[in-house]
Amino acid sequence: MWRSGLNVPSFQPYTEDEEFDVVIVGAGITGISTAYFLTQAGMKVAILDANKILNGTTGHTTAKVTAQHDLIYDELIQNFGLEKARIYYESSKDAMDFIKKYSTDNQIDCNLEIRDAIIYTNSDQYVNNLHKELKAYDLLGIDSASSESTALPLQSKFSISMKNQAQFHPLKYLIHMLKESIEKGLRVYEETVAIDVEPGKIAQVITQSGKRIKCKHVVSASHFPFYDGMKLFFAKMHADRSYVLAAKLKTPFPKGMYLSAEDPKRSLRTIQYNNEELVLIGGEGHKTGVETRTMSFYENLKQFGDEVFGIEDVKYRWSTQDLVTLDNVPYIGRYSENHHNIYVATGFRKWGMTNGTVSAKLISNLILEKDAPNAELFSPSRFQANPSIKHFLMQNIDVAKHLIEGKLEPVSRKIEELYNDEGSVVSLDGKRVGAYKDVNGKVHCVDTTCTHLGCEVEWNNGEKSWDCPCHGSRFSIYGEVLEGPADQPLKQVFTQ
């Protein structure tokens, strides 16, 4: 939806032999914002994107610009202490304030609107959790309010709000920033897949086509890190998918950005689109690869919208993938002291607008050798004893479970049993393969073994993709990589 009607610039793949101060991999809000800060400082910067710019997670966001990242601040105080919780809040608020100021100062027509961010609940258990969160707000000096109801036409026992947050059109904002950076010398390359880094004082980014790009600094801003550097990010994060409808309602929507505390999540905000107001209805999150009938999640969101507001028309629908770290705090900064000129930003937990901007400011400060007081909190090398060890063990036990179950899962369906526009794991000559029969009856078959660590992918009927339940890799019906950590396609068995 965000790309509709916009003149998004396009760029050629990298074919040159050139050296840069900084190579950034990934052209979403993190990559473009990082490039902006660095080009403003006079650095020679290149951005590489595996596909088209602004077409990944940033192009599929709900674009809430807020420091209210669900129920997080009481948890941060308990696990990190008050001072680090304050650093998290101040980093997020600073990012939000930058987006507001940059949009206003440059008179960008990006539909920036100031709104309160509100978490509500109709659950007795979550009433208690919201009271704890409100106390955390008070300890951190956050401008907030509480109520026993909301302006929404649904039952609510308690709600808390963070005042003067924002919502906007992310692509209009970023296209302006991109153009300004290009005027400062930024080079952008699309359809350029980075697959590895050769570390060194002068590092080399290695592309899938075999090109090597020399640079003094490398930034991985590619959602899932394209380079692991022995940090085992795949074992320290899990991937969640969630779903969004853009709907025209029959009844007026109250001002505010809303989020339910309990599951199933319900995220709500307005957007001005083609001179009419739509409401983004989001939620229904689940771990990637463990659900196959994903169309039901869109149906659940529509049912919720119909029951609460009355939906006149659904204009758009989409899903997105988000990465969640062991302790719910993003990994931002240097890979390690052994990789002092290689940086990463990942694990934004659905709050990419502020966390992407936090990442850009933090990494830029490190590269420019400026003060970075939040570097320790976000350090990719951290490992909190509580709750990280527990989550690490549980996450990897779950991975092992899926790995074993996938290998032992009995498969009885045959290709000839598939209907048009249906995909499924089938048995072919006694082997497990993934088959999709398109609307014209053409069959596309792939090996279902994920090329990352060998788990078995499952069919996703909502997005028509093959998804891995172990680490969140996703593949097209032709086997092409849609989401990492896999960087190699599934093997094509045949197309007929």
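Since the model is a prediction, treat every value here as computed from it, not as a measurement. (Residues numbered from 1 in each chain as written. Predicted model: local features only at pLDDT ≥ 70, side-chain atom pairs only at ≥ 80, totals over all residues. Heavy atoms only, no water.)

Chemist: Looking at this structure, I do not really get the overall build of the protein chain. What am I missing?
Modeler: Check the secondary structure of the protein chain and you find ten helices and 25 strands. Projected onto the principal axes, the alpha-carbon positions of the protein chain cover approximately 65 × 55 × 50 Å. The buried share among the 496 residues of the protein chain stands at 58%. Sequence-distant contacts, at least 24 apart, represent 69% of the contacts inside the protein chain between residues at least 6 apart. (Helix = DSSP H or I, 4+ residues; strand = E, 2+ residues; numbered from the N terminus. Buried < 20%, exposed > 50% of the residue type's maximum accessible area, 1.4 Å probe, protein only. Contact = heavy atoms within 4.5 Å.)

Chemist: Would you explain the packing of helix α3 (residues 82-105) against helix α5 (residues 170-183) in this entry?
Modeler: Packed helices, taken two at a time, are described by the angle between their axes plus the distance between the axes. With their axes 11 Å apart at the nearest point, α3 and α5 run at an angle of 70 degrees to one another. One way to sum up the angle between α3 and α5 is to call them roughly perpendicular. Facing Phe98, Ile99, Tyr102 and Ser103 of α3, the residues of α5 in contact are Tyr173, His176, Met177 and Glu180. Tallied by class, residues from the contact of α3 with α5 come to five nonpolar, two polar and one charged. (Axes fitted to C-alpha atoms, helices over the stretch in contact; angles between N-to-C directions. Parallel < 35°, antiparallel > 145°, perpendicular 65-115°, else oblique. Nonpolar A, V, L, I, M, F, W, Y, C, P; charged D, E, K, R; others polar.)

Chemist: How should the side chain of Glu284 be read in this particular structure?
Modeler: By secondary structure assignment, the location of Glu284 is in strand β14 (residues 276-287). A polar contact of 2.8 Å, which involves the side chain of Glu284, links it to the side chain of Arg266. A distance of 3.1 Å separates the side chain of Glu284 from the side chain of Asn300, its partner in a polar contact. Dropping the residues within four chain positions of it, Glu284 is found in contact with Arg241, Tyr243, Pro264, Lys265, Arg266, Phe297, Asn300 and Leu301. (Polar contact = N/O pair within 3.5 Å; in protein donor to acceptor, adjacent residues only side chain to side chain.)

Chemist: Help me understand the pattern of salt bridges in this model?
Modeler: Pairing between side chains of opposite charge can happen when the charged atoms of each approach one another. Inspection of the entire model under this criterion finds 31 salt bridges. Salt-bridge contacts for Arg115 lead to Glu113; the nearest nitrogen and oxygen are separated by 3.3 Å. In this structure, Arg115 and Glu113 share a single accessibility class: buried. For Lys157, the salt bridge is made with Asp124, and the minimal N-O distance between the two is 2.9 Å. Taken as a pair, Lys157 in the loop between β5 (144-147) and β6 (158-167) and Asp124 in helix α4 (residues 124-140) lie far apart in primary sequence, 33 residues in all. Overall, the relative accessible area of 57% leaves Asp124 in the exposed class. (Salt bridge = Lys/Arg side-chain N within 4 Å of Asp/Glu carboxyl O.)

Chemist: Explain the sheet that holds strand β21 (residues 458-460) here, please?
Modeler: In a beta sheet, neighbouring strands pair by backbone hydrogen bonds and run either parallel or antiparallel. Read from one edge to the other, the open sheet built from four strands follows the order β21-β22-β23-β24, with strand pairing classed as antiparallel. Edge positions in the open sheet fall to β21 and β24 (481-483), since each of these has one partner strand only. Note: β21 against strand β22 (residues 465-467), three bridges, orientation antiparallel. If you follow Asn460 over to β22, its bridge partner there is Ser465. (Pairing = 2+ DSSP bridges.)

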